[in-house]
Amino acid sequence: MLRTGGLLALGAAAAPLTACDPLGREEAGPRPPDPLRPLLDESLALAAAYRDAATAHADLAALLGPIAEAHQAHAAELARVLGVGLPSAGVTPSSTAATDPDAAIADLRQRERVGRDGALTACAAAPAARAALVGSIAAARATHLEALK
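All of these numbers come straight from a predicted model, not from anything done at the bench. (Residues numbered from 1 in each chain as written. Predicted model: local features only at pLDDT ≥ 70, side-chain atom pairs only at ≥ 80, totals over all residues. Heavy atoms only, no water.)

A. Representation of the overall build of the chain. Counting secondary structure elements, the chain contains five helices and zero strands. The helix and strand sequence of the chain, counted from the amino end, reads α-α-α-α-α. Long-range contacts, defined here as pairs at least 24 residues apart, represent 77% of the contacts in the chain between residues at least 6 apart. For the chain, the computed accessible surface area is about 9,100 Å², with 63% contributed by carbon and sulfur atoms. (Helix = DSSP H or I, 4+ residues; strand = E, 2+ residues; numbered from the N terminus. Contact = heavy atoms within 4.5 Å. Areas by Shrake-Rupley, 256 points an atom, 1.4 Å probe, with all protein chains shown as cover.)

Have a look at this one:
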């Protein structure tokens, strides 16, 4: 009886280490993507768009550079929370900045509006442990809209 109890305890302790359920079946398929992954991708795209616009319009660099850095910082923190790596700066796809500074600002405002709305939606759906991070990203994006006026 002690042997059987010991084997059962050993089996129970090892069960969490396997990729099988208690009935011995393997898990079905890969895990679904994390719901915050789109927010990470969007943060990277926004950072690239701001960098491109700052490069194309040197007179806007003082305004756009810090916002690009904020989006990059958001991406870094989201990547840390998700347990994924960030692509190198050269690998991140970039957008083409408008040739007119006013058009570039209008484009960034539109991207920021869409990003803010996405962050608000993600914040409402996020578990409590992630809500503060996602809420701060939504607030930052709202602030960026004000800075671009």
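B. Looking closely at the packing of helix α3 (residues 61-82) against helix α4 (residues 101-125). Following both chains from N to C, one finds α3 and α4 inclined at 25 degrees, their axes separated by 13 Å at the closest point. As judged from the angle between their axes, α3 and α4 are roughly parallel. Here α3 runs over α4; the crossing is left-handed. Judged by residue contacts, L63, L64, I67 and H71 of α3 engage I105, L108 and E112 from α4. Residue composition of the contact of α3 with α4, by class: five nonpolar, one polar and one charged. (Axes fitted to C-alpha atoms, helices over the stretch in contact; angles between N-to-C directions. Parallel < 35°, antiparallel > 145°, perpendicular 65-115°, else oblique. Left-handed = near helix turned anticlockwise from the far one by under 90°. Nonpolar A, V, L, I, M, F, W, Y, C, P; charged D, E, K, R; others polar.)

C. A look at the side chain of H71. Tracing the sequence through the fold places H71 in helix α3. With residues near it in sequence (within four places) discarded, H71 still touches S43, L46, A47, Y50, E112, R141 and H144.

D. Local environment of α3. Here α3 is 22 residues long and its end C-alpha atoms lie 31 Å apart, about the 32 Å a rise of 1.5 Å per residue gives. By the burial criterion, the buried members of α3 are L64, I67, A68, H71, H74, A75, L78, A79 and L82. Axial view of α3: buried residues confined to an arc of 135 degrees, hence all on one face. For α3, the exposed residues lying more than 90 degrees away from the buried face are A62, E69 and R80. (Expected span 1.5 Å × (residues − 1). Buried < 20%, exposed > 50% of the residue type's maximum accessible area, 1.4 Å probe, protein only. Arc of directions from axis to C-beta.)

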